[in-house]
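Now for the letters of each chain:
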Amino acid sequence: MKKYGLLATFVCAPVLFACSDNTSLSSPNTENEQAVASTSDSSADAAKHTDAGIASGVDYHSFANPNEIRVTHLSLDLTANFESKQLVGEVTLDVERTKPENNTLVLDTRALEIQRVSVEGESVPFEMGETDPDLGTPLTITLPSAANSVTVAYSTSPEASGVQWLTPAQTAGKKHPFLFTQAQAVHARSFIPLQDSPQVRVTYDATIKTPESLLAVMSASNDPTTERDGEYEFNMPQPIPSYLIALAIGDLEFKAMGERTGVYAEPALLESAAKEFEDTEAMLEVTEETYGPYQWDRYDLLILPPSFPFGGMENPRLSFITPTVIAGDKSLVSLIAHELAHSWSGNTVTNATWRDLWLNEGFTTYLTYRIMEMIYGHDRFKKEAVLGYQDLENDVAALEENDEILAIDLRGRNPDDVFSNIPYEKGALFLREIEHKIGRENFDAFLMQYFKDFAFKSITTDTFIAYLDDTLLKQYPDQLDANRIHTWIFEPGIPEGAPHPESDAFTKIDDTRSAWLSGDVKAADIETAQWTVHEWLYFLNNMPESLSEAQLAELDSAFSLTSTKNNEIAHSWLMIAVQNNYQPAYDRLYSYLVSIGRNKLVKPLYRELSKTPEGKAFAKRAFEEAKPGYHPLTVKANEGFVN
Ligand code: BES
Ligand code: ZN
């Protein structure tokens, strides 16, 4: 019996799966357990149930059956049709059976039109199952026995949830259209029929046809010197989970930043992006020194149009990056450290299910802080850690207890709807505590070994716990204990006694804010010349909820906050403006909402606006104007606030 109590109370074999309370999802992937990497203590990866009946390692967000027959390689041949907003072509999937008689292949799809399924040119039978609004539609193919590859001819829907088609007007250059995909968490299936589960790793190659003047790039080998001729070849030789398959097409140019790093962007942004992110090569080097070799050959960035719904996405070899972090002063480059860090935590060692997302995001957030400290020093690190901790505190105050648990129960839920700081900041704080308890050098050595031991594997929370059990808990029995680890992973909130980041620089900001609030100091007399973005965010984010019109006007006139060019400072200021109905900022608020699609920046504003009838009417006007330019995910995340 394991030490961690409830977690291992009983083991339920896949055939007995009916014993779990398998919520609304019609037919989740119930037999993935063997697919997941195991430690020396392999029992950790059996279909283990917690008291809540969740089976560890079961992907509740895929219909696929990789434990019967598993896709190992994809060969894509697609044409981007910008008139019809469709990707049209075919994918050939190589498969491996776990038993020779397993001839039924189940793939995930969403809103795909399947034209034909064939094996060596001969059509084979297939069937589309019932559609689930969150998961899409299973595609069941009956393969001839012994067939080890199958070709699906298909086209995507113009509304595909994982693809955004932009008109020239929605780009920086205004002349050419643009396309990008965003597969995480469950959207690869909207542009490729595949086994869309993070525990299925595939290699891939692709031929992508585009209008002649445009360049295609993918999460694969990209040749910066390739001729622009409308046909591009790619190869990804390392096995990756489906959520890391990515494509973008546009008027893109490349500029090298270092030996292994460079940036792709529209011409108008290329120079400023390369300057802003010039420390990427140094980040890559310090991360390798600390956590082991970079496994992916090149590391390039792709700067997307402002409708990109995330800050960044760690697509291997080519992180996708929002342009909203090009601030001119490198103040927001922790985003780059974050996406780069995913090359270790996430892309090399991958979460096996979306319940285990904290293994990707918590480890990555921890690594991000470490990289930022190595490149920009201790003071900046401390400020960023305090800001991250405050984000966590705010979420803990706002979320339901179940959503504050690292190993979150996502059964019957769409992972898109459960996005929060918990897997990020709580996960990172947990690792920080271990670091403090056993010492930094020892923890670094542990992480380096962890990335090595699980390289190119997808693992569950339980595998990680068993690994800790085998390693650190044995090595440091006086410093660590299993109950504490269980609390961090399975209990809500921030455990008592957790590390509490502090920054001297911010203590001064607290004093300044208090002095201004009490009327002892005029805003115009505050010495802000040395403030970085972090001071501004801390100053603004910790204002009392209600400020007078006169106070707001005083801040605005002293610091020109309404016209700040920094998108994060603008966000904090606009939140204050909405909370206090400060009308002079509303023109900026409107243009902010219609020009930026990054959900983290716009969603809190829509939520806040929706709290009053006038606010909601304003939000509705902005949303309606912005909607044609928003990504499908941003539309979905915000439409509830305006309707
Ligand atoms: N992989 C995530 C984005 C993601 C997570 C997409 C879950 C879909 C589902 C990416 O690495 C990320 O964390 N982006 C953050 C960056 C920030 C924490 C620095 C973002 O976009 O805000
Ligand atoms: Zn991330």
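The rules behind the values
Residues numbered from 1 in each chain as written. Chains lettered and ligands numbered in written order. Predicted model: local features only at pLDDT ≥ 70, side-chain atom pairs only at ≥ 80, totals over all residues. Heavy atoms only, no water. Phe/Tyr/Trp six-rings, centres within 6.5 Å; stacked < 30°, edge-to-face > 60°. Helix = DSSP H or I, 4+ residues; strand = E, 2+ residues; numbered from the N terminus. Buried < 20%, exposed > 50% of the residue type's maximum accessible area, 1.4 Å probe, protein only. Lys NZ or Arg CZ within 6 Å of the ring centre and 35° of its normal. Patch = residues over 30% accessible without salt bridge, like charges linked within 9 Å, V, L, I, M, F, W, Y side chains within 5 Å. Areas by Shrake-Rupley, 256 points an atom, 1.4 Å probe, with all protein chains shown as cover. Salt bridge = Lys/Arg side-chain N within 4 Å of Asp/Glu carboxyl O. Lys, Arg positive; Asp, Glu negative; His and termini not counted. Charge placed at Lys NZ, Arg CZ, Asp CG, Glu CD. Near = heavy atom within 4 Å. Polar contact = N/O pair within 3.5 Å; in protein donor to acceptor, adjacent residues only side chain to side chain. Nonpolar A, V, L, I, M, F, W, Y, C, P; charged D, E, K, R; others polar. 1 Å grid on protein atoms, 1.4 Å probe; cavity = no way out; pocket = protein on both sides within 12 Å on 5 of 7 lines; lining within 4 Å. Points joined across faces, edges and corners; volume = space filled by probe spheres on them. Pairing = 2+ DSSP bridges. UniProt positions renumbered as here; feature names shortened; annotations may be inferred. Contact = heavy atoms within 4.5 Å. Domains from an automatic or database assignment. Buried area = accessible area lost by both parts, 1.4 Å probe. Donors = N, O, S within 2.8 Å, 3.2 Å for Na, K, Ca; no water.

### Examining the packing of aromatic side chains
Under the definition given, this model contains 38 aromatic pairs. With a centroid separation of 5.8 Å and an interplanar angle of 15 degrees, the aromatic rings of F443 and F446 are classed as stacked. With F443 and F446 both in helix α7 (residues 440–453) and three residues apart, this pair spans about one turn of that helix. The pair F443 / F446 is uniform in exposure class, with both members buried. Seen in terms of ring centroids, Y450 and F454 are 5.6 Å apart; in terms of plane orientation they differ by 65 degrees. Their pairing is edge-to-face. Residue classification places F454 among the buried positions, given a relative accessible area of 3%. Over the ring of Y376 we find R380; its NZ or CZ atom is 4.6 Å from the centre of that ring.

### Some thoughts on a negative patch on the surface
Side chains of E212, E227, D229, E231 and E233 sit close together on the surface and give a patch of like negative charge. With respect to the helices and strands, the residue D229 is situated in the loop between β14 (215–218) and β15 (231–241). The partly exposed category is assigned to D229, whose relative accessible area is 36%.

### Quick word on the site of ligand 1
Near ligand 1 you find 15 residues, and of these Q184, G311, E314, E339 and Y424 are the closest. The backbone of G311 places a nitrogen or oxygen atom 2.5 Å from an oxygen atom of ligand 1. In this structure, an oxygen atom belonging to ligand 1 sits 3.0 Å away from a side-chain N or O atom of H338. Burial of ligand 1 by the protein chains amounts to 88% of its free accessible area of 520 Å². For the shell around ligand 1, the secondary-structure elements that each account for two or more residues are β20 (312–313) and α3 (334–341). Here the shell around ligand 1 gets three residues from one element, more than from any other, and that element is α3. Taken together, the residues of the shell around ligand 1 sort by class into five nonpolar, six polar and four charged.

### Focus: empty space enclosed by the protein
Inspection of every chain in the model, using the stated rule, returns four cavities of 30 Å³ or more. Roughly 70 Å³ of volume is contained in the largest cavity. Considering the residues around the largest cavity, the lining is formed by I54, A55, V58, Y60, H61, T353, W354, R355, D409, L410 and R411. Looking at the lining of the largest cavity, its residues break down into six nonpolar, two polar and three charged.

### Some details on the sheet that holds β15
Strands sit in the order β7-β6-β10-β4-β3-β13-β15 across an open sheet of seven strands; the sheet is mixed. Edge positions in the sheet fall to β7 (122–123) and β15, since each has one partner strand and no second.

### So, the UniProt feature "active site" (unreviewed entry) in the chain
The feature "active site" (unreviewed entry), as annotated in UniProt, sits at E339 and Y424 in this numbering. Annotated residues spanning 86 residues; largest pairwise C-alpha distance 12.7 Å, indicating a single compact cluster. Tracing the sequence through the fold places E339 in helix α3. Ignoring any residue separated from it by four or fewer positions in sequence, one finds E339 in contact with Y299, G312, M313, E314, S319 and I321. A relative accessible area of 17% places Y424 in the buried class. With sequence-adjacent residues up to four places away left out, Y424 is seen in contact with H338, E361, G362, T365 and F419.

### Brief notes about the domain arrangement of the chain
Its domain assignment divides the chain into domain 1 (69–255) and domain 2 (504–642). Placing a centre on the C-alpha atoms of domain 1 and another on those of domain 2 gives a separation of 39 Å. Taken over both partners, the interface formed by domain 1 and domain 2 buries close to 520 Å², and the fraction arising from carbon and sulfur atoms is 52%. Interface area lost by domain 1 to domain 2 is led by S161, Q164 and Q170, which between them contribute 58%. Counting across the interface, domain 1 meets domain 2 through zero salt bridges.

### Comments concerning the coordination of the zinc ion (ligand 2)
Distances from the zinc ion (ligand 2) to its protein donors, H338 (NE2), H342 (NE2) and E361 (OE), fall at 2.0 to 2.1 Å. Here the donor residues of the zinc ion (ligand 2) share one chain and are spaced in sequence as H-x3-H-x18-E. Residue H342 is found in the loop between α3 and β22 (349–351), and its partner E361 is found in helix α4 (residues 357–376); the two are separated by 19 residues along the sequence.

### Things to note about the pattern of salt bridges
When charged atoms on two side chains of opposite charge get close, those side chains can pair. Evaluated as defined, the whole model comprises 26 salt bridges. Residue R440 pairs with E435 through a salt bridge whose shortest N-O separation is 3.1 Å. A residue is classified by how much of its surface remains accessible, and E435, at 5% relative accessible area, is buried. The partner of D470 in a salt bridge is K474, with the nearest N and O atoms 3.6 Å apart. With a relative accessible area of 27%, D470 lands in the partly exposed category. When its relative accessible area of 56% is taken as the criterion, K474 is described as exposed. Each of the salt bridges in this network shares a partner with another, and the network as a whole consists of K275, E278, D279 and K330.

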